[in-house]
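Structure at a glance
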Amino acid sequence: MPLTARQRSIHNKNGAKRTASFTKGRRSQKSNEGEYLFTNAPSDLRSIAYPGGAVALALLLSARLASAYWGQIADCDETYNYWEPLHYLVYGRGLQTWEYSAQYAIRSYMSLWLFAVPAKILSLIMTPVTIFYTLKALLAVLMACSELMFYKAVCHEFGVHVGRVWLFLNLPAAGCFASSAAMLPSSWSSALVTAALACWWRRRYPPAIFLIAATVLLSWPFTALLGVPIAVDMLLFKGLFKEFIKWSMISLVIILLPTVAVDSWHYGRLVVAPWNIVAYNIFTEHGPDLYGVEPWTYYFVNGFLNFNIVWVLALSCPLLLVACSLISTRSSRASFCIPYWLSLMPLALWLAVFMTQPHKEERFLYPVYSMIILCGAISLDCLQKMTFAVGTELLRWRKERERRHYLVYTGPLVVMCVLLAGLLSISRIIALHSHYGSVSSLTSHVSPTTAASATNDVLVCYGKDWYRSSSSFLAPGHVRFIASEFDGQLPAPYSVGANATRVIHPYFNDQNRGDNRTYLQPSECHYLVDSDAGKPTRLQPHFHKRDEWEIVARVPLLDADRSHRIFRAFYVPVLTNKNCVYANLYLLKNRLIEF
């Protein structure tokens, strides 16, 4: 099939430099030395093998669906702020956090209804556990589709070689494995931002604006920062003032008005939830810092755990791009491409803002995961070009530089880097799964038919391990809490009745002050989740050693404090088992309650 002019341009900006001397089989005498550093003898895309759309989609779906099934809930915020309210919308019961209190109303119910509607339909034929995994699979599919858009856009904007490197770095990435199927706004934003950037690079501005508006209003308001480069391109470089204003207003009307209507109905007053969360995080004296602060090195360490050498390459991208530009006197990109500094600005802005915030969490980087891998792929491409430049001067590559592409000589470099990144990522995924993967299966041993009566469901309680709950979808009955050494604020059950979301409870506050008025006594619980990690205290005894509790099930759980840092972070055969210590997480049954 003949190539289009567009395809030839893509290949040319990936490094192909067509010169008159090439067709003659010899180099022109006036040609510049640096001109041939990035030359490619074949002048079309047939010389570079890369996955097509169908193959790429199949690979992405396989990777993301695997994360939906084998990935674990890594953040208790996912359980209590999203799975629990979603369970309430579907089944009429669940746990409520202070963010969903009508007094504060900083979380929106609109985005949850997008999942609750299909879940309520599926509840007619599926169990809660099946719905849980079906929704995770839905999130995985949406993420795979947005990544496919991103892959195609990268091939058009940065060249097919950078595109294929991005794809093969992205597929096994531990960070993407953890984020792609998570029920978190940062995960939804990851998919929406990835799709928005893809539309931007393909010059499809209306959907780019709409997707940015969707992530800001439905998901996470702070992702508006990632739309700044798109606005700069449209307003300053393209002069598309009317189109920008038009689609911004259309997006605002289509998304914000229904969101305000739904949230106002739930909270019983006029509520603009996106504004409330911004106001709480920025304009209050305490903000999110109440929930922990981390040192400036947090994201550097966390980035390496999730992306290993790709993270290092991504942070080195600006320096490598400058070094590459100094080697050649001619640009390796077509004139119609967006400048590198503007294309990569979303990642730079995001890191600059969030690395300076005291409160840091792994999920805060989810929206720019695709950009991190893209910068890593661009850096690897720069290293290949620089290696070819050095080899041209020092080795015998000079003889064939006019009819050979730099990939011919530097292919082993990219293969080794991709394989190393993939092995480290898989090692990280296996480590997390072996350390914590069985936790979510613990409550499957609770029988929903063992309640004392039809109106008194099973009570499954958590104490010191309150943050290990996998949500009411996986725990038949009611999830409740008992007192522990933790003095922060924990969720409480939603009230019963049609107006439950409008009830203002006195035990909720925005200061993270604990309130035990909703706690149960251990003797009131039908089941109790307990562990043997750490030393027992008065409030946190080892319940599994007491006669009134029967051990129904136990699963292994990493004891991080007693395990080696390296081997608990990455799985290494034999060495991980020797250097990691495991505790037990127990499901206990109350012998004193007849049911």
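A brief structural summary. Fair warning: this is a prediction, and the values are worked out from it, not measured in the lab.

Here we take up the overall build of the protein. When its secondary structure is counted, the protein shows 22 helices and seven strands. Here the protein, with 595 residues, has 55% of them falling under the buried criterion. Within the protein, contacts between residues at least 6 apart in sequence are counted, and of these 77% link residues at least 24 apart. Accessible surface, the protein as shown: approximately 26200 Å² in total, 63% of it carbon and sulfur.

Right, let's get into empty space enclosed by the protein. Under the definition given, this model contains seven cavities of 30 Å³ or more. In this structure, the largest cavity spans a volume of roughly 150 Å³. Looking at the largest cavity, it is lined by 17 residues, and the ones nearest its centre are Ile 106, Arg 107, Ser 108, Leu 218 and Ser 219. Considering only residue class, the lining of the largest cavity consists of 13 nonpolar, three polar and one charged.

Right, let's talk about the packing of aromatic side chains for a bit. On inspection of all chains with the given rule, the structure shows 37 aromatic pairs. Ring centres 6.2 Å apart and planes at 70 degrees place the aromatic pair Tyr 91 and Phe 473 in the edge-to-face group. With Tyr 91 in helix α4 (residues 76–91) and Phe 473 in the loop between β2 (459–462) and β3 (478–481), the pair connects residues that are 382 residues apart, well separated along the chain. Exposure remark for Phe 473: the relative accessible area of 2% places this residue in the buried category. Clustering of aromatic rings is evident, with ring pairs tying together Tyr 69, Trp 70, Trp 83, Tyr 91, Phe 132, Tyr 133 and Phe 473. Positioned above the aromatic ring of Trp 265 is the side chain of Arg 502, whose terminal nitrogen or guanidinium carbon lies 5.3 Å from the ring centre.

Take the layout of surface pockets next. Roughly 460 Å³ of volume is contained in the second largest pocket. Along the wall of the second largest pocket there are 15 residues; nearest its centre are Leu 305, Arg 428, Arg 565, Arg 568 and Ala 569. Broken down by secondary-structure element, the contributors of at least two residues to the lining of the second largest pocket are α14 (298–307), α20 (406–436) and α21 (565–569).

The next thing to look at is the state of the cysteines. For the structure on display, the rule yields one disulfide. Paired through a disulfide, Cys 461 and Cys 525 show a sulfur-sulfur distance of 2.0 Å. Linking Cys 461 and Cys 525, the disulfide has an S-S dihedral of approximately -95 degrees and is accordingly described as left-handed. Of this pair, Cys 461 sits in strand β2 while Cys 525 sits in the loop between β4 (492–493) and β5 (527–531); the two residues are 64 residues apart in sequence, bridging distant segments of the chain. Of the two residues, Cys 461 and Cys 525, both sit in the buried class.

Next up on the list: the pattern of salt bridges. One pass over the full model with this rule turns up 11 salt bridges. One salt bridge connects Asp 75 with Arg 363, and the closest N-O pair in it is separated by 2.7 Å. A residue pair is termed long-range when its members are at least 10 positions apart, and Asp 75 in the loop between α3 (53–70) and α4 and Arg 363 in the loop between α18 (345–354) and α19 (369–394) qualify at 288 residues. Residue Asp 75 is classed as buried on the basis of its relative accessible area, which comes to 18%. According to the relative accessible area criterion, Arg 363 is buried, its value standing at 12%. Measuring nitrogen to oxygen at the nearest pair gives 2.7 Å for the salt bridge that ties Asp 515 to Arg 517. One salt-bridge network, in which partners are shared between bridges, spans Asp 75, Asp 77, Glu 361 and Arg 363.

Conventions we followed
- Residues numbered from 1 in each chain as written.
- Predicted model: local features only at pLDDT ≥ 70, side-chain atom pairs only at ≥ 80, totals over all residues.
- Heavy atoms only, no water.
- Helix = DSSP H or I, 4+ residues; strand = E, 2+ residues; numbered from the N terminus.
- Buried < 20%, exposed > 50% of the residue type's maximum accessible area, 1.4 Å probe, protein only.
- Contact = heavy atoms within 4.5 Å.
- Areas by Shrake-Rupley, 256 points an atom, 1.4 Å probe, with all protein chains shown as cover.
- 1 Å grid on protein atoms, 1.4 Å probe; cavity = no way out; pocket = protein on both sides within 12 Å on 5 of 7 lines; lining within 4 Å.
- Points joined across faces, edges and corners; volume = space filled by probe spheres on them.
- Nonpolar A, V, L, I, M, F, W, Y, C, P; charged D, E, K, R; others polar.
- Phe/Tyr/Trp six-rings, centres within 6.5 Å; stacked < 30°, edge-to-face > 60°.
- Lys NZ or Arg CZ within 6 Å of the ring centre and 35° of its normal.
- Disulfide = S-S within 2.5 Å.
- Salt bridge = Lys/Arg side-chain N within 4 Å of Asp/Glu carboxyl O.

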